[in-house]
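A structural walkthrough
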Amino acid sequence: MKMNKKALTKLATLFVGVFILGSCSTDPTSPGYEYMPDMYRSPAIEPYVDYGEIRGRINEDVKTKMSALTPPSFAIPYYGKDSAYVQMMLPYRRMPDSTYANVAAFYGWNISKLNEYEMAKADVNPIKLTADNSEATLKKGKELFTAMCQHCHGEKGDGKGPMVVSGAYQGSGIPNYSTLQIAEGQMFYSIYYGKNKMGAHSSQLNKEEIWTLVHYIKRFQDKNYGKFDKDGKSLSIPASGSTPDSLMTNSAAKVGM
Amino acid sequence: MKISSSQMFRKIKNGCWTSLVVLMFASAFSANAQDGGALFSSKCSNCHHPHKDGTGPKLSKVREKWETGGAKEGSIYKWVNNWQNAAASDPYAMQVSKTKGTAMSAFPELGKKDIDAILDWVDEQPEQDAAAATGAADGTSAGAEIGKEEESGLGWIWIILAVIFVTIILALGGVRRQLKLATGEQETGKIERPTYTEEFKTWAWKNRLYVGLGSLVIVISVIVTLFLGLYRIGVVEGYQPAQPIKFPHAIHAGVNGIDCKYCHSSVTKSKSAGIPSVNVCMNCHKLVAGQKPEQIEQIKKLYNYAGWEMNGTDGKFNGNHKPIVWNKVHVLPDHVYFNHQQHVVVGGVDCKQCHGDMTKHSDAQKVWTVDEINALADADPTIVKLTKPTLTMGWCIECHNKKEISGGSLDTKKSGYYDEIHKRLKNHDRDLYEEYLKDGKVTVKELGGWECAKCHY
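Residues numbered from 1 in each chain as written. Chains lettered and ligands numbered in written order. Predicted model: local features only at pLDDT ≥ 70, side-chain atom pairs only at ≥ 80, totals over all residues.

A short note on the overall build of chain A
Counting secondary structure elements, chain A contains 11 helices and 2 strands. Walking chain A from its N terminus toward its C terminus, one meets helices and strands in the order α-α-β-β-α-α-α-α-α-α-α-α-α. When each of the 257 residues of chain A is scored for burial, the buried share is 25%. Intrachain contacts of chain A at a sequence separation of at least 6 include 51% that bridge at least 24 residues. (Helix = DSSP H or I, 4+ residues; strand = E, 2+ residues; numbered from the N terminus. Buried ≥ 20, exposed ≤ 12 C-beta atoms within 10 Å, placed from the backbone. Contact = placed C-beta atoms within 7 Å.)

Below you can see the structure in the form of structure tokens.
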């Protein structure tokens with residue numbers, strides 16, 4: 001009987017051993033071991049960390065229920081003390097109009113009954129291109145365009161980006177910038193709230209970036225846009241319909257872009 | 001007769017040992033087949049499908065196809081390494097090269113074993129009913145899960161088999177011993193029952209050289225394994241958690257050329273690169289509902305989260321919005337400060353340096369191993385080759401030591417951050433400045449990148 005017991009113990013050890021060996025496999029869904037888990041996840045809040053599970057303890061109340069949040073509508077980040085700059089970065093005064101009622105990003109927003117897109121014609125770009133800042137602004141615009149627009153609108157702004165070429169987007173309606181006849185305020189409105197098939201980009205781009213992009217897009221329409229001669233005089237010929245001179249002095253256009 | 005029965009038992013026991021060893025080899029082989037799956041998804045799945053012709057032909061039973069087609073032995077492996085070499089040496093391969101217009105990439109890094117592993121894995125894949133795949137969205141995901149369960153179930157079968165064999169071995173050993181004791185009793189008439197320990201001791205003493213050497217090997221390997229195990233603590237290389245939606249980076253960033261910064265738009269503005277909110281997905285996906293059944297299924301999940309009802313080519317938002325909970329992949333300990341903006345905007349580091357080449361990665365996002373990232377350096381000279389595991393402190397400081405802050409001239413950085421450090425260094429410590437310039441480059445370390453408080457405070 002004594003021997004049997006010993007044999008049984010051995011058998012049990014063997015079982016356990018085999019079990020442990022069997023569990024020795026690399027599991028890609030496990031992050032592995034940590035030296036000091038409490039130092040890895042301290043009570044200080046970091047983005048995208050699930051504080052509902054610390055060292056195996058689950059707290060249902062604070063468990064992550066949402067990974068990514070849209071910025072709160074009309075939240076105002078701190079933009080320094082330069083009043084002209086702060087003025088530019090203040091929340092956009094134009095509201096989405098009735099065509100945006102079914103757009104995910106504006107669900108539950110105040111929808112304007114007016115034709116806001118038409119009204120946006122009056123807005124002018126608060127970033128004024130000068131001989132000094134033109135090159136840098138357009139370079140920034142190119143960077144932004146490459147990151148945010150070029151996959152649909154194409155590197156040359158002809159509406160033939162890789163999304164279209166690959167066949168992922170099979171619709172139509174991507175304009176060729178060179179023939180696009182809209183005012184810069186409307187360009188801003190379209191980028192901010194989206195237009196036709198294009199979605200809203202207000203959560204990805206701030207107002208300064210959108211206005212920079214507007215400058216860059218106008219380069220597609222006019223090769224001389226943003227180029228200056230030796231005396232600092234602009235070489236570009238203002239196209240009809242975009243920034244009419246009469247509006248430049250319009251006080252309404254200056255406020256709260 | 002009695003002795004021979006004892007021998008018979010010994011034979012059975014030996015047989016069992018052999019089968020156990022064979023089993024172990026077999027389980028090692030099944031691990032190989034799993035590697036084949038990983039290799040297939042990383043190298044081949046962009047163009048090939050096991051059972052469907054895509055950009056490239058289907059791969060199921062391709063070896064048999066080549067063999068019956070009259071290809072030279074081994075030329076399929078040559079083909080994978082570089083199809084032009086194979087076409088030059090084998091008429092069958094030449095013929096294959098003419099059938100399809102799109103040229104296959106060369107994979108010189110794949111050995112014969114790797115290719116066999118891939119093709120073994122492909123041959124094992126069950127052919128799914130195409131009609132079932134296009135059916136209910138949940139149906140296909142269930143199919144995929146069944147496949148997974150089978151895979152993990154197989155591991156258990158091996159373990160159970162091993163346990164059964166070991167039990168048989170022990171039982172037979174016990175029976176043999178009893179028999180031997182019984183015969184001993186009959187022959188000598190004395191009751192002599194040495195315990196297992198005593199028996200073992202005599203046996204060990206008899207073979208003391210081998211036992212000693214064996215135990216030495218065991219002790220050393222246990223110590224080595226222990227240390228290797230300790231070195232893996234805190235290393236998250238290869239971590240690839242499951243995600244609520246199978247998001248293929250290769251299609252978004254690769255085929256469709258969407259810049260990383262389009263979705264991870266806060267990378268240039270904030271500490272965190274940001275996970276896009278659902279409205280960013282819907283900017284495109286309100287129009288793009290997917291073409292292949294597996295794409296349609298995944299995008300349907302997205303529509304569920306977004307509360308979007310797709311109707312033909314247009315849709316409507318219904319307000320039933322459920323947020324997505326993604327599983328965080330790159331987790332840094334809380335006691336280290338890391339800022340994306342500083343690295344991407346000021347440092348000008350490419351995303352690839354830490355996150356790998358997502359334009360070619362169709363699986364769920366994972367922590368790339370340092371070897372995988374080093375392999376990208378051949379194509380992209382801006383990538384710094386490192387040795388320590390990704391996301392460890394050794395890896396961070398190794399890069400800070402190697403990475404030049406700019407190509408020789410400090411003034412090319414527009415931020416002014418390095419200019420300021422540069423100015424102070426020049427004005428306050430001329431000797432140190434000269435020393436730094438000796439090797440002709442200025443690294444992050446030389447401008448304070450190795451200060452503890454840079455990351456830990």
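Considerations on the overall build of chain B
Secondary structure summary: chain B contains 21 helices and 2 strands in total. Across the 457 residues of chain B, 19% fall into the buried class. By sequence separation, contacts in chain B at least 24 residues apart represent 60% of the contacts at least 6 residues apart.

Re the nonpolar core
Residues M148, F188, I210, L213 and V214 of chain A are the most contacted members of the largest nonpolar core, which totals 47 residues. Elements with a minimum of two residues in this core: helix 5 (134-148), helix 7 (162-166), helix 8 (184-193) and helix 9 (207-221) of chain A together with helix 12 (260-263), helix 13 (278-285) and helix 14 (293-306) of chain B. It is helix 9 of chain A that provides the largest number of residues to this core, a total of 6 residues. Filtering out sequence-adjacent residues up to four positions away, L213 of chain A remains in contact with G141, L144, F145 and I191 of chain A. Counting residues in each nonpolar core, the second largest holds 16 residues, with F40, C44, A93 and A117 of chain B among its members. (Core = buried A, V, L, I, M, F, W, Y, C linked by C-beta atoms within 7 Å.)

Things to note about helix 6 (residues 112-124) of chain B
A rise of 1.5 Å per residue sets the reference length of helix 6 of chain B, with its 13 residues, at 18 Å; its end C-alpha atoms lie 18 Å apart and thus fit the reference within 8%. By the burial criterion, the buried members of helix 6 of chain B are I115, A117, I118, L119, W121 and V122 of chain B. (Expected span 1.5 Å × (residues − 1).)

Re the packing of helix 8 of chain A against helix 9 of chain A
Residues and elements named next belong to chain A. Relative to each other, helix 8 and helix 9 sit at 125 degrees, their axes nearing to 10 Å. Considering the angle they form, helix 8 stands oblique to helix 9. Viewed along their axes, helix 8 and helix 9 form a crossing whose handedness is right-handed. Note on element contacts: helix 9 touches helix 8 through I210, W211, L213, V214, I217 and K218, opposite E184, M187, F188, I191 and Y192. Of the residues assigned to the contact of helix 8 with helix 9, the class counts are 9 nonpolar, no polar and 2 charged. (Axes fitted to C-alpha atoms, helices over the stretch in contact; angles between N-to-C directions. Parallel < 35°, antiparallel > 145°, perpendicular 65-115°, else oblique. Left-handed = near helix turned anticlockwise from the far one by under 90°. Nonpolar A, V, L, I, M, F, W, Y, C, P; charged D, E, K, R; others polar.)

Looking at the packing of helix 13 of chain B against helix 14 of chain B
In a packed pair of helices, the relevant descriptors are the angle between the two axes and the axis-to-axis distance. Residue and element names in this part refer to chain B. At a closest axis distance of 10 Å, the pairing of helix 13 and helix 14 adopts a crossing angle of 125 degrees. Regarding the angle of helix 13 to helix 14, the classification is oblique. As helix 13 packs across helix 14, the resulting crossing turns out to be left-handed. Contacts from V278, C281, M282 and H285 in helix 13 reach I299, L302, Y305 and A306 in helix 14. Of the residues in the contact of helix 13 with helix 14, the class split is 7 nonpolar, 1 polar and no charged.

Examining the interface of chain B and chain A
If you look at the interface, chain B gives 53 residues, while chain A gives 51 residues. Those elements that provide at least two residues to the side of chain B that touches chain A are helix 8 (137-188), helix 12, helix 13 and strand 2 (314-317) of chain B. With 7 residues, helix 8 of chain B is the largest single contributor of residues to the side of chain B that touches chain A.

Quick word on helix 10 (residues 208-232) of chain B
All names here are of chain B. Taking 1.5 Å as the rise per residue, helix 10 with 25 residues should run 36 Å; its terminal C-alpha atoms sit 36 Å apart, in good agreement. Burial within helix 10 is sparse, with just 0 of its 25 residues counted as buried. G234 lies just past helix 10 and shows a positive phi near 80 degrees.

Notes on unusual backbone geometry
All names here are of chain B. Unusually for a residue other than glycine, K61 sits at a positive phi of about 60 degrees. Relative to the helices and strands, K61 resides in the loop between helix 1 (2-44) and helix 2 (62-69). Judged by the 15 C-beta atoms lying within 10 Å of it, K61 is partly exposed.

Quick look at the environment of H400 of chain B
Residues and elements named next belong to chain B. Within the element layout of this structure, H400 appears in helix 18 (residues 393-402). With 46 residues separating them in the primary sequence, H400 and E446 have C-alpha atoms 8.8 Å apart. In this structure H400 touches V444, K445, G449 and W450, once residues within four positions along its chain are discounted.

Section: the confidence of the model for chain B
Low pLDDT means the predicted atomic positions in that stretch should not be read closely. Residue and element names in this part refer to chain B. Of all residues in chain B, 77% attain a pLDDT of 70 or more, and the chain-wide mean is 78. Under a pLDDT of 50 for its full length, residues 27-33 has, in the predicted model, 7 contacts with residues more than four places off or in other chains. Predicted confidence is poor over residues 129-152, with pLDDT under 50, and the contacts of this stretch with residues over four places away or in other chains come to 12 contacts. Here the predicted complex carries an ipTM of 0.78, next to a pTM of 0.65. (pLDDT = per-residue confidence, 0-100.)

Observations regarding the confidence of the model for chain A
Residues and elements named next belong to chain A. When the pLDDT values of chain A are averaged, the result is 77; 76% of them are 70 or greater. Averaged pLDDT values for the elements of chain A fall to 37 in helix 11 (residues 251-254) and rise to 92 in helix 9. Across residues 239-257, confidence stays below pLDDT 50; counting only partners more than four residues off in sequence or on other chains, it has 25 contacts.

A closer look at the environment of I58 of chain A
All names here are of chain A. Mapped onto the secondary structure, I58 falls in strand 2 (residues 57-58). Of the residues examined, I58 has 10 C-beta atoms within 10 Å and is grouped as exposed. Residues within four places of I58 in sequence aside, it is in contact with G52, E53 and K63.

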